[in-house]
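Letter by letter, the chains look like this.
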Amino acid sequence: MSRLVVISNRIADPRKPAAGGLAVALGDALNKTGGLWFGWSGNIAEEGSPGEGEMHVRQAGTVTLATVNLCREDHDTYYHGYSNSVLWPVFHYRLDLADFNARYIAGYRRVNQMFARKLLPLLRDDDILWIHDYHLIPLAAELRTMGCRQRMGFFLHIPMPPPLIMAAIPQHEWLMRSFMAYDLVGLQSEADVSHFKRYVRNEGSAEEVDSTRVRAFGATVAVKAFPIGIDVDEFSRLTLAPEAMETCQGMREEYSRRRLLMGIDRLDYSKGIPHRVRAFRELLDRYPENRGSATLIMIASPSRDDVNAYGDLRQELEGLCGSVNGDYGELDWMPVRYIHRMVARKRVPGLCRAAAVGLVTPLRDGMNLVAKEYVVAQDPEDPGVLVLSRFAGAAEQLKEALLVNPYDPEGMANCIQQALQMPLEERQQRHQKLMARIREFDVHWWRKAFLQALNEASA
Ligand code: ADQ
């Protein structure tokens, strides 16, 4: 049986429980055959020349973890620069926030080449390589130029933008050609697949070989949607564990006279957090019966604080929350609670379960796992309602949520009101359908489906 090699920007020790759903899924896959997980250590070596990372190899059970350090210049250009100030904003349709600095692309290429050089001696002929996310798009092409013939699959966790948005990146053609070095490219949604195919059709005169494979730029690649899921059994266990139950109970007691609306995100401009506050304000304005009752709790964990756009977002959000509280608050009721912090993983299901409405309103999102976590954490006898942005990848699967346009505060306020007033029977029916789909397409399905398609893609 072939050995699996996973490559991602960051890696996690698969034996540690705090690692989260994705790490668990990849850890599971690696544990099955024994495997190798390769990535950046998270450390910045102050000394050292660009592109020359020091490698550390350690064993975690049957899985070998291999990491490299980055020097400051590589970290600034590859990670903060090209990955998070070009690819992240553009792939989330935020051309206004992109910073096309020529230094960044050089660092991005250099680190991908360095990853390829360091990985090469660790590879065996029959390995299968699974490369993750936008930091490493050109890795397969770099490995191929070094002579690698192993099967290679890529999964993009963020959205694939439409061709005209992609074309704003000065190196768009090089990036898209890089995808062609893989045997399989996995995307989150059918919309992403259609964007990819449209690009290669328009710019690379692609021919469709069959329903999944396209031939363009002189190469053939399979492109398919694999909507990522969560570990439903694990999250259900976490929901019923004492920590989550205590959190839920505590919230319900603390807010016994209120209706809770909950948002949990990384503080990122793609998540539509200010838009959510504006919609909530609209709700209080249009439907005054919610004043003194509806309480929006937003937990936004710090993220990429040293990229400018994130500092601006934080200020905007604090201003918005302050003005809603100032304009509508009462001595005994604070409409918005905003917490700029990570909460313990074990408490997340308790927070979700305590909320009558889960607000997941990204402006654009590859999938959005919080939407799925919110549904799984609900009491099936008395479930809360998921209000979900139509621009989250998850919206393709979770049709029984109330789908909203986050750019439209009035429409969103109407939907929140509908959620707050939804009869029990309708809530139960919607929850049942959502649960069934989330359970069927869980993270284990995602991993198996991708690896099976990768095997078939190069057969
Ligand atoms: P992210 O953008 O990080 O992931 P998401 O899918 O929502 O977004 O996952 C976030 C995870 O972090 C969830 O498990 C959530 O519970 C947790 N989390 C978020 N905020 C938290 C907080 N304040 N405290 C504690 N936990 C918090 C990227 C893509 C997504 C895609 C995933 C997986 O942007 O679109 O769904 O990868 O492919």
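To be clear, the structure that these remarks concern was listed above.
Values in this document were obtained by computation on a predicted structure and should not be read as measured data. (Residues numbered from 1 in each chain as written. Predicted model: local features only at pLDDT ≥ 70, side-chain atom pairs only at ≥ 80, totals over all residues. Heavy atoms only, no water.)

Asker: Explain the sheet that holds strand S6 (residues 151-155) to me, and be specific about the residues and the numbers.
Answerer: Taken together, the 10 strands give an open sheet; going across it, the order is S3-S4-S2-S1-S5-S6-S7-S10-S9-S8, and neighbouring strands pair in mixed fashion. Looking at the sheet topology across the chains shown, the edges are occupied by strand S3 (55-60) and strand S8 (207-208). Across the sheet, helix H2 (residues 72-91) lies against strand S1 (4-10), strand S2 (35-45) and strand S4 (63-71), angled at about 100° from S4, the strand it touches most. (Pairing = 2+ DSSP bridges. Helix = DSSP H or I, 4+ residues; strand = E, 2+ residues; numbered from the N terminus. Contact = heavy atoms within 4.5 Å. Axes fitted to C-alpha atoms, helices over the stretch in contact; angles between N-to-C directions.)

Asker: An account of the packing of aromatic side chains is requested, with residue identities and associated values reported.
Answerer: Enumeration according to the criterion identifies 18 aromatic pairs in this entry. Their ring planes at 50° and their centres at 5.2 Å tell us that Tyr269 and Tyr310 sit as a pair that is tilted. Of this pair, Tyr269 sits in the loop between strand S11 (259-266) and helix H10 (273-286) while Tyr310 sits in helix H11 (residues 308-328), placing them 41 residues apart in sequence. Assessed through its relative accessible area of 8%, Tyr269 is described here as buried. (Phe/Tyr/Trp six-rings, centres within 6.5 Å; stacked < 30°, edge-to-face > 60°. Buried < 20%, exposed > 50% of the residue type's maximum accessible area, 1.4 Å probe, protein only.)

Asker: Go over helix H15 (residues 424-440) with me, naming the residues and quoting the values.
Answerer: Its 17 residues place the ends of H15 24 Å apart at the C-alpha level, agreeing with the 24 Å of an ideal helix rising 1.5 Å per residue. What H15 keeps buried is the set Arg427, His431, Leu434, Met435 and Ile438. Seen from one end, H15 has its buried residues packed into an arc of 105°, which puts them on one side. Facing away from the buried side of H15, by more than 90 degrees, are the exposed residues Glu425, Gln432 and Glu440. Buried residues along H15 sit in contact with helix H8 (232-240), helix H13 (369-376) and strand S15 (385-389). (Expected span 1.5 Å × (residues − 1). Arc of directions from axis to C-beta.)

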